Amino acid sequence: MYKRIPLLLLILLFVSLCGCGEVSTSSNQPVNESGVKIALLNCRVIDCTDAEPTDGMTIFIKNGLIEKIVKTEGNAVPEEYQQIDVCGCTVMPGIINTHVHCGFTPSILYNWLTHGVTTVRELATIESQDAVGMRDENNKSPDHSRIVIATPIITKKEGGYIPPFDAGIDSPEQAAKKTEQLLKKDYDVVKIAIEDSLQLKTWNMLTTEEVKRITDMAHASNMWVATHISHTRNLPIAIDGGVDELSHMTVEPLTADLVNKIVATGMYWVPTLELWNEISQTYSIEWDQTAIQNLSMFYKAGGKIALGTDFGGYFTPFEQDMPLKEMNLMKAAGMTNMDILMAATKNASVVCRMQDSIGTLEPGKIADIIVINGDPLRILFICLRCFRYE
């Protein structure tokens, strides 16, 4: 499973904070050394636990972990703490993009981090590549977003993906064997594909029995299973197969019955609306509009949503910093600013299997935070669009 080697305090300050004389604008600081203590004063805290924002708070950080969050007034800061007054700015968890590709590129990881995206999930790796070693080496760096990695995609032979990104199987027995092999390699999540037609070609597709063999083995090892899916007609295989997450919103209309079944399972959905928007513009189709309508239906039914864009998953352009386009499309589906932030933090940490370490601001968690000059619950896109740390 995922092991974060250094504990980092990522204080990423919006550049206009320099107008507040007490704010330190030092670079990303490793604070895992024993005894390092920092206090952030006068914070407006959005902790992304679904609690209301709180003003006038101090966040105490010790050895890279959040120690406590208390009112600034009436709580003196001990002398051994470095004090940083954020002057009423918003403090919240770092943003997580749960669906990216080509995430091992150092310049991209640096750019993501400096725009407030502190964690990304590489949702398909190459079996012959030492993805685990590359993840662990990357996650030592205070200058890169941390990476969570998925297995190579388990799918049918001739399943549509270009080798070596897929791990093709031909039977439930082979599905079990391949899953067992991959579970030994310290990936963070298992990735499969339930797909029969995409990119103008027909794909061989996993059966429900094969999916269930994969998910049963993964769950026995406490591993999360995410599936690529794009067509509404294939959702029953994901539901009956017991997957944990749907990667991509489907591009044909959902039915109320399907939505209710998915919500009842507790399955998460990562809609990748930016992908469908770019494809729709490229080919003059309306998959993006259908995906937005489907997300709206799922959201209104109480479905669990995590943010992911599919960065690098197609030749179309993607935002390489704060995923504002994805957030804006989520807004078009009727999601509130708070629910968009929750999708990009708390919910995203769940699908990354890091909910015990990041995703919310709570005592005991990694001090993985961003500081924003403004109120993202009121003007989300203006606040985050201007976000940049140099």
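See the structure above.
Rules and cut-offs
Residues numbered from 1 in each chain as written. Predicted model: local features only at pLDDT ≥ 70, side-chain atom pairs only at ≥ 80, totals over all residues. Heavy atoms only, no water. Helix = DSSP H or I, 4+ residues; strand = E, 2+ residues; numbered from the N terminus. Buried < 20%, exposed > 50% of the residue type's maximum accessible area, 1.4 Å probe, protein only. Contact = heavy atoms within 4.5 Å. Areas by Shrake-Rupley, 256 points an atom, 1.4 Å probe, with all protein chains shown as cover. Core = buried A, V, L, I, M, F, W, Y, C linked by side-chain atoms within 4.5 Å. Pairing = 2+ DSSP bridges. Disulfide = S-S within 2.5 Å. Patch = residues over 30% accessible without salt bridge, like charges linked within 9 Å, V, L, I, M, F, W, Y side chains within 5 Å. Salt bridge = Lys/Arg side-chain N within 4 Å of Asp/Glu carboxyl O. Axes fitted to C-alpha atoms, helices over the stretch in contact; angles between N-to-C directions. Parallel < 35°, antiparallel > 145°, perpendicular 65-115°, else oblique. Nonpolar A, V, L, I, M, F, W, Y, C, P; charged D, E, K, R; others polar. Phe/Tyr/Trp six-rings, centres within 6.5 Å; stacked < 30°, edge-to-face > 60°.

**A short note on the overall build of the protein chain**
Here is step 1: On a plain count of helices and strands, the protein chain comes out with 12 helices and 21 strands.
Here is step 2: Expressed as a percentage of its 390 residues, the buried residues of the protein chain come to 59%.
Here is step 3: Long-range contacts, defined as pairs at least 24 residues apart, comprise 70% of the intrachain contacts of the protein chain with a sequence gap of at least 6.
Here is step 4: Accessible surface for the protein chain amounts to roughly 15,000 Å². Of this, 51% is attributable to carbon and sulfur atoms.

**Concerning the nonpolar core**
Here is step 1: Counting residues in hydrophobic clusters, the biggest one holds 75 residues, and the most contacted among them are Ile-192, Leu-246, Met-327 and Met-330.
Here is step 2: Ignoring sequence-local partners within four residues, the contact set of Met-327 consists of Ile-95, Leu-307, Met-322, Ile-340, Ala-344, Phe-381 and Leu-384.
Here is step 3: In this structure, Ile-38, Leu-40, Val-86 and Val-371 belong to the second largest nonpolar core, which totals 16 residues.

**With respect to the pairing of strand S21 (residues 369–372)**
Successive side chains on a regular strand alternate, one facing one side of the sheet and the next facing the other.
Here is step 1: Taking every second residue as pointing to the same face, both faces of S21 are buried, with Ile-369 and Val-371 on one and Ile-370 and Ile-372 on the other.
Here is step 2: Here 4 bridges tie strand S8 (residues 90–93) to S21, and the two strands are oriented antiparallel to one another. Within S21, the position partnered with Pro-93 by the bridge is Ile-369.

**As for the state of the cysteines**
Here is step 1: Considering all chains together, one arrives at 0 disulfides under this definition.
Here is step 2: Of all cysteine sulfurs in the structure, the one in Cys-89 sits closest to Cys-43, which takes part in no disulfide; the separation is 9.0 Å.
Here is step 3: Overall, the relative accessible area of 0% leaves Cys-43 in the buried class.
Here is step 4: Take Cys-89: its relative accessible area is 6%, and that puts it in the buried class.

**Things to note about a nonpolar patch on the surface**
Here is step 1: Among the surface-exposed residues, Tyr-283, Ile-285 and Phe-315 lie close enough to one another that they form a single nonpolar patch of about 320 Å² accessible area.
Here is step 2: Within the secondary structure, Ile-285 sits in the loop between helix H7 (273–283) and helix H8 (287–300).

**Considering the packing of H7 against helix H9 (residues 324–332)**
Here is step 1: Running from N to C, H7 and H9 point in directions that differ by 90°, and their axes come no closer than 8 Å. The orientation of H7 with respect to H9, classified from their angle, is roughly perpendicular. Across the interface between the two elements, Leu-273, Glu-274, Asn-277, Glu-278 and Gln-281 from H7 touch Lys-325, Glu-326, Leu-329 and Met-330 from H9.
Here is step 2: Taken together, the residues of the contact of H7 with H9 break down into 3 nonpolar, 2 polar and 4 charged.

**As for the pairing of S8**
Here is step 1: Of the pairings in the sheet, the one linking strand S4 (residues 37–45) to S8 comprises 2 bridges and is parallel in character. What sits directly across from Arg-44, in S8, is Thr-90.

**Description of the packing of H7 against H8**
Here is step 1: At a minimum axis separation of 7 Å, H7 and H8 run at an interaxial angle of 155°. The angle between the axes of H7 and H8 places the two elements in the roughly antiparallel class. The residues of H8 that touch H7, namely those facing Leu-273, Trp-276, Asn-277, Ile-279 and Ser-280, are Trp-287, Asp-288, Ala-291, Ile-292 and Leu-295.
Here is step 2: Residue classes in the contact of H7 with H8 are distributed as 7 nonpolar, 2 polar and 1 charged.

**Describing unusual backbone geometry**
Here is step 1: Of note, the phi angle at Cys-87 is positive, near 60°, even though the residue is not glycine.
Here is step 2: Within the secondary structure, Cys-87 sits in the loop between strand S7 (82–85) and S8.
Here is step 3: You will see that Ser-284, though not glycine, has its phi angle at about 55°, which is positive.
Here is step 4: Inspection of the secondary structure assignment puts Ser-284 in the loop between H7 and H8.

**With respect to the sheet that holds strand S9 (residues 95–100)**
Here is step 1: Sheet architecture is open: 3 strands sit in the order S9-S10-S11, paired in parallel fashion. Strand pairing shows two members of the sheet lacking a second neighbour, S9 and strand S11 (146–149), which therefore form its edges. Going from strand to strand, the sheet's axes swing by 20° on average, the running direction of each strand aside.
Here is step 2: The pairing of strand S10 (residues 117–122) with S11 spans 4 bridges and is parallel. Within S11, the residue paired with Arg-121 across the bridge is Val-148.

**Some points on the packing of aromatic side chains**
Here is step 1: Applying the stated criterion across every chain, the model contains 7 aromatic pairs.
Here is step 2: With a centroid separation of 5.0 Å and an interplanar angle of 70°, the aromatic rings of Trp-112 and Phe-311 are classed as edge-to-face. Note that Trp-112 is positioned in helix H1 (residues 106–114) and Phe-311 in the loop between strand S20 (304–305) and H9, a separation of 199 residues in sequence. Both residues of the pair, Trp-112 and Phe-311, count as buried.
Here is step 3: Judged by centre distance (4.6 Å) and plane angle (35°), the ring pair of Tyr-314 and Phe-315 falls under tilted.
Here is step 4: Taking the relative accessible area as the measure of exposure, Tyr-314 reaches 22% and is therefore partly exposed.
Here is step 5: Here Phe-315 falls in the exposed class, since its relative accessible area comes to 60%.

**Points about H1**
Here is step 1: Turning to H1, its buried residues are Ile-108, Leu-109, Trp-112, Leu-113 and Thr-114.
Here is step 2: In the stretch just after H1, Gly-116 is the one whose phi turns positive, near 95°.

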